[in-house]
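Notes for the structure review
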Amino acid sequence: MRYFLDTEFNGFCGELISIALVPEDDAFAPFYAAIAIDQPTDWVRVHALPVLGIEPRPRDAVRDLFAAYLMNDPAPLLVADWPEDIALAARLLITGPGYMKPVRSLRFELVDPDIIGPGVPSAVPHNALHDAVALRATVLAWEARMAR
């Protein structure tokens, strides 16, 4: 199944703050988690942290929850609109040098929102869950237009 991925991170190429996967099929629950960080940038402190909507957890706990969520699907495809979202999702699975959480299979797809637009605005900008919902709506609307 496809899952629409979004993350929030602490500045350009910074550490992961939150991650969301919104399934293409509404019958399945999304995944959303936040990670506690020590030194947020000023921008993150003003724009991202106030809209998290959930209590941050330790990175190891989020990693375990993320891997467990992915294990429920034999062939998940994570669709993102920014390269760093993919990098952070993949990096989250790493447990140490040469080790990672087990996943059966995992594929990524990068879409360019400037090409598939117009984008559906996020209900809560800078919240990974709401941004992933908006990405899902944008991609599905684009696919519907292309199918005509």
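Each value, and the rule that gives it
Residues numbered from 1 in each chain as written. Predicted model: local features only at pLDDT ≥ 70, side-chain atom pairs only at ≥ 80, totals over all residues. Heavy atoms only, no water. Helix = DSSP H or I, 4+ residues; strand = E, 2+ residues; numbered from the N terminus. Rg over C-alpha atoms; globule rule 2.2 N^0.38 Å. Buried < 20%, exposed > 50% of the residue type's maximum accessible area, 1.4 Å probe, protein only. Areas by Shrake-Rupley, 256 points an atom, 1.4 Å probe, with all protein chains shown as cover. Lys, Arg positive; Asp, Glu negative; His and termini not counted. Charge placed at Lys NZ, Arg CZ, Asp CG, Glu CD. Axes fitted to C-alpha atoms, helices over the stretch in contact; angles between N-to-C directions. Parallel < 35°, antiparallel > 145°, perpendicular 65-115°, else oblique. Contact = heavy atoms within 4.5 Å. Nonpolar A, V, L, I, M, F, W, Y, C, P; charged D, E, K, R; others polar. Phe/Tyr/Trp six-rings, centres within 6.5 Å; stacked < 30°, edge-to-face > 60°. Pairing = 2+ DSSP bridges. Salt bridge = Lys/Arg side-chain N within 4 Å of Asp/Glu carboxyl O. Polar contact = N/O pair within 3.5 Å; in protein donor to acceptor, adjacent residues only side chain to side chain.

Attention now goes to the overall build of the protein chain. A tally of helices and strands in the protein chain yields five helices and seven strands. Reading the helices (α) and strands (β) of the protein chain from amino to carboxyl end gives β-β-β-α-α-β-α-β-β-β-α-α. Whereas a compact globule of 148 residues would reach a radius of gyration of roughly 15 Å, the protein chain reaches 15 Å, a difference of no more than 12%. Over its C-alpha atoms, taken along the principal directions, the protein chain stretches across nearly 50 × 35 × 25 Å. Per-residue burial for the protein chain yields a buried fraction of 41% across its 148 residues. In the structure as shown, the protein chain presents an accessible area of about 8000 Å², 60% of it carried by carbon and sulfur atoms. Across the protein chain, the mean location of the 12 positive side-chain charges is 5 Å away from that of the 20 negative side-chain charges.

Running from N to C, helix H2 (residues 59–71) and helix H3 (residues 83–92) point in directions that differ by 95°, and their axes come no closer than 9 Å. Looking at the two axes, H2 sits roughly perpendicular to H3. Residues Arg59, Val62, Arg63 and Phe66 of H2 pack against Ala89, Arg91 and Leu92 of H3. For the contact of H2 with H3, the per-class residue count stands at four nonpolar, no polar and three charged.

Inspection of every chain in the model, using the stated rule, returns three aromatic pairs. Where Tyr3 meets Tyr69, the ring centres are 5.8 Å apart and the plane angle is 70°; that geometry is what we call edge-to-face. Pair noted here: Tyr3 is in strand S1 (residues 2–9) and Tyr69 is in helix H2, with a separation of 66 residues, a long-range link. Given the relative accessible area of 6%, Tyr3 is considered buried. Chaining the aromatic ring pairs together yields one cluster made of Tyr3, Phe31, Phe66 and Tyr69.

With that out of the way, let us pick up the environment of Gln39. Tracing the chain through its elements places Gln39 in the loop between strand S3 (31–34) and helix H1 (42–47). Linking Gln39 and Glu15, residues 24 residues apart in sequence, is a C-alpha distance of 10.0 Å.

This part is about the pairing of S3. Burial along S3 is two-sided: Phe31 and Ala33 facing one way and Tyr32 and Ala34 facing the other are all buried. Bridging between strand S2 (residues 16–23) and S3 involves four bridges; their strand directions are antiparallel. Note that in S3 the partner of Leu21 across the bridge is Phe31.

For Asp85, the position within the fold is in helix H3. Nearest to the buried, unbridged Asp85 among oppositely charged side chains is Arg91, at 10 Å. Side-chain polar atoms of Asp85 contact the side chain of Thr7, separated by 2.5 Å.

Let us look at the sheet that holds strand S4 (residues 77–80). The strand order S3-S2-S1-S4-S7 describes an open sheet built from five strands, whose pairing is mixed. Among the strands making up the open sheet, the edge pair consists of S3 and strand S7 (107–110). The sheet shows a mean angle of 25° between the axes of neighbouring strands, direction not considered. Here S1 runs beside S4; their pairing, made up of three bridges, is parallel. Its bridge partner lying in S4, Phe4 is registered against Val79. Relative to the sheet, H2 contacts S1, S2, S3 and S4, its axis offset from that of S2 by approximately 15°. Relative to the sheet, H3 contacts S1, S2, S4 and S7, its axis offset from that of S1 by approximately 95°.

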